[in-house]
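# Survey of secondary and tertiary structure
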Amino acid sequence: MKAKLRLGILFGSRSTEHEVSIVSALQLANFVNPFKYDLTLVYISREGAWYVGPALWQLETYLDFNPRKSGLTQVFPDMTARSRALVSVKRGGIFAGETRRVEARLDCVIPVMHGLHGEDGSLQGMLEMMDMPYASCGVAGSAVGLDKIMMKQAFRGAGFPVMPDTAVSRQEWLHDPGALMRHIESVLPYPVFVKPANLGSSIGVSRADDREALKQALALGFSLDRRCLVEQGLDEPEEVNCAVLGYDGDITASVVEMPVRQGELLDFKTKYLSAAQGGGMASLSRIIPAPISPEETARVQQLSRDIFWALDCKGVVRVDFMIDRATRGIFITEINTIPGSLAFYLWEKTGEGLRYRHLIDRLVHYAMKAYQDKNMNLTSYQSEIISSAIKSRSGGAKGAKA
Ligand SMILES: Nc1ncnc2c1ncn2[C@@H]1O[C@H](COP(=O)(O)OP(=O)(O)O)[C@@H](O)[C@H]1O
Ligand SMILES: [Mg+2]
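These numbers were taken from a predicted model, which means no experiment stands behind them. (Residues numbered from 1 in each chain as written. Chains lettered and ligands numbered in written order. Predicted model: local features only at pLDDT ≥ 70, side-chain atom pairs only at ≥ 80, totals over all residues.)

### Examining the overall build of the chain
Counted only if it meets this: Runs of H or I in DSSP of at least four residues are treated as helices and runs of E of at least two as strands, each being numbered from the N terminus. With C-alpha atoms as the basis for the radius of gyration, the globule rule is written as 2.2 Å multiplied by the number of residues raised to the power 0.38. We call a residue exposed when 12 or fewer other C-beta atoms sit within 10 Å of its C-beta, buried when the count reaches 20 or more, and partly exposed for counts in between; the C-beta positions come from the backbone.
A count of helices and strands for the chain gives twelve helices and 16 strands. A compact globule built from 402 residues should have a C-alpha radius of gyration of about 21 Å, and the chain, at 24 Å, falls within 12% of that. Each of the three principal axes of the chain carries a C-alpha extent, and together these read 70 × 70 × 45 Å. Taking all 402 residues of the chain together, 40% fall into the buried category.

Have a look at this one:
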């Protein structure tokens, strides 16, 4: 019998979207085919400690998180390239030293995290160091995708349609709030949307229609992040999302969805809490396929694939758009490089329909493919730099003596 692939699901982490990640990860875990994969759940706590153990399957474990009470084992990722081990360390008696034990070894991981320390390239960088295959965008794509300011600069530079904006910093705000607001008003008309550069799920995003509201929006934004994006607002835009799955030249766009919003923006509550049946993004009310024209649908899908390519994405991402009701202009709101619920509900309704467990197979496939591709690159280059440096050093040292 072929050995099962040892698959890890990495979730949690130090992010404002910690809980969303838990819901998405447990949902994913339930779809992993146990005949095909040897699954390990790996939870990173709010404090940044890594844990494994059967209790991670229970949502209750995360209510008043107490690893000792839940019988979880703290593990440390072995950073040695290719070891891919999660190691526990136990202190022995007074005279005994520490004992280390490999709790799990993984062949591939699927990161299911949103926001900082998971979706932002930092975790991806760690996985690259470990030489671990993983099913998310790479370091650069993840980093650019999460930082709203850089993301928009990259999109604009590549010719993708985005709304005008200006980037502002906390230091400018603290130094002279009046001057900063006058600057914003000189470059953008109201309404504007203020967004912390590195958050998601609409946390800290607010609309401002005048100076007073702008002041409050900036105060909130800067309480959450050092940098904020201020973007020209569209009035009640239609919002549509499209997921993209693939890697390198093999890129597929999903059916387009239209999430249903209740207020002036799709807020955190609408996204996750109002339908808190533990379904995460999958339980948000939405219209699939989005009621827009076939041409608009095709354009949204094409832009989504182009963006996937531009950021050299891998795995599954979701690109969000706004459509101006008056002009029917299409603008990109953002890319989510690790979308809520991995957008599985869209793949189920795309083409012939892709079941969540088959989506998982594809994610693993792309992770392994990218890993193989990387290994085709030469990483060593024979040179005589060290030997000639030694020669010149001895020459130099003699010279110094003389
Ligand atoms: N320029 C804008 N005009 C109108 N509404 C916007 C604009 N930017 C954001 N919004 C609203 O705010 C929501 C959250 O903004 P978004 O940039 O997607 O941040 P997040 O990463 O937190 O989801 C959007 O889904 C939309 O409802
Ligand atoms: Mg969004």
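### Things to note about the sheet that holds strand β3 (residues 50–52)
Basically, it comes down to this: For two strands to count as paired, DSSP must find a minimum of two bridges between them. The axes are straight lines fitted to the C-alpha atoms, using for helices just the contacting stretch, and the angles between their N-to-C directions are given from 0 to 180°.
Here we have seven strands laid out as an open sheet, ordered β6-β5-β4-β3-β2-β1-β7, and mixed in their pairing. Of all the strands in the sheet, the pair left with one neighbour each is β6 (98–105) and β7 (108–112). Across the sheet, the axes of successive neighbouring strands diverge by a mean angle of 35°, strand direction being ignored. As paired strands, strand β2 (residues 37–44) and β3 are joined by two bridges and run antiparallel to one another.

### Considerations on the sheet that holds strand β8 (residues 165–169)
The strand order β8-β11-β9-β10 describes an open sheet built from four strands, whose pairing is antiparallel. Strand pairing shows two members of the sheet lacking a second neighbour, β8 and β10 (206–208), which therefore form its edges. Adjacent strand axes in the sheet meet at a mean angle of 25°, parallel and antiparallel pairs treated alike. Taken together, the five bridges between strand β9 (residues 192–196) and strand β11 (residues 227–232) define a ladder with antiparallel strand orientation. Across the sheet, residue V192 finds its bridge partner in β11, namely Q232.

### Examining the pairing of β11
Remark: a regular strand shows side chains that alternate across the two faces of the sheet. Burial runs high along β11: five of the six residues are buried. Note: β8 against β11, five bridges, orientation antiparallel. In the strand pairing of β11, V168 is matched with C228.

### Looking at the packing of helix α6 (residues 177–187) against helix α7 (residues 211–224)
Threshold: Reported orientations rely on four angle classes, namely roughly parallel under 35 degrees, roughly antiparallel over 145, roughly perpendicular from 65 to 115, and oblique for the rest. Note on convention: the crossing is left-handed when the near helix lies turned anticlockwise from the far helix by less than a right angle, right-handed when the turn is clockwise. Contact criterion: two residues are in contact if their C-beta atoms, reconstructed from the backbone, are within 7 Å.
One can describe the packing of α6 onto α7 by two numbers: an axis separation of 11 Å at closest approach and a directional angle of 115°. The orientation of α6 relative to α7 falls into the category roughly perpendicular. The hand of the α6/α7 crossing is right-handed. Contact residues: α6 offers P177, M181 and I184, while α7 offers R211, L214 and K215.

### Observations concerning the nonpolar core
The test is simple: By definition, a nonpolar core groups buried Ala, Val, Leu, Ile, Met, Phe, Trp, Tyr and Cys residues that connect through C-beta atoms lying within 7 Å of each other. Those domain boundaries reflect an automatic or database domain assignment.
Counting residues in each nonpolar core, the largest one holds 79 residues, and the members touching the most others are I9, V112, A243, V244, V317 and L363. In terms of residue count, the dominant contributor to this core is helix α11 (residues 356–376) (seven residues). Counting contributing residues, this core receives three or more from each of domain 1 (5–134) and domain 2 (145–159 + 236–371). Within the second largest apolar cluster, 16 residues are counted, among which are V192, V194, L214 and C228.

### With respect to the environment of E384
Within the fold, E384 resides in the loop between α11 and α12 (385–401). For E384, a count of 9 C-beta atoms within 10 Å puts it in the exposed group. It is 28 Å that separates the C-alpha atoms of E384 and E128, two residues lying 256 residues apart in sequence.

### Here's the deal with the pairing of β9
Of all five residues that make up β9, five are buried, and the element is covered over most of its length. Of the two faces of β9, the one lined by V192, V194 and P196 and the one lined by F193 and K195 are each fully buried. Sheet topology note: the β9/β10 ladder contains three bridges and is antiparallel. In the sheet register, V192 faces β10, and the bridge partner there is A208.

### Some remarks on unusual backbone geometry
With an omega of -5°, the peptide bond between Y190 and P191 qualifies as cis. Note on placement: P191 falls in the loop between α6 and β9. Look at the link from I288 to P289: it is a cis peptide, with omega at -5°. Non-glycine residue S341 carries a positive phi angle of around 60°. Looking at the secondary structure, you find S341 in the loop between β16 (330–336) and α10 (344–347). Located in the positive-phi region is A343, a residue other than glycine, with phi close to 55°. Along the chain, A343 falls in the loop between β16 and α10. Since 25 C-beta atoms lie within 10 Å of it, A343 is described here as buried.

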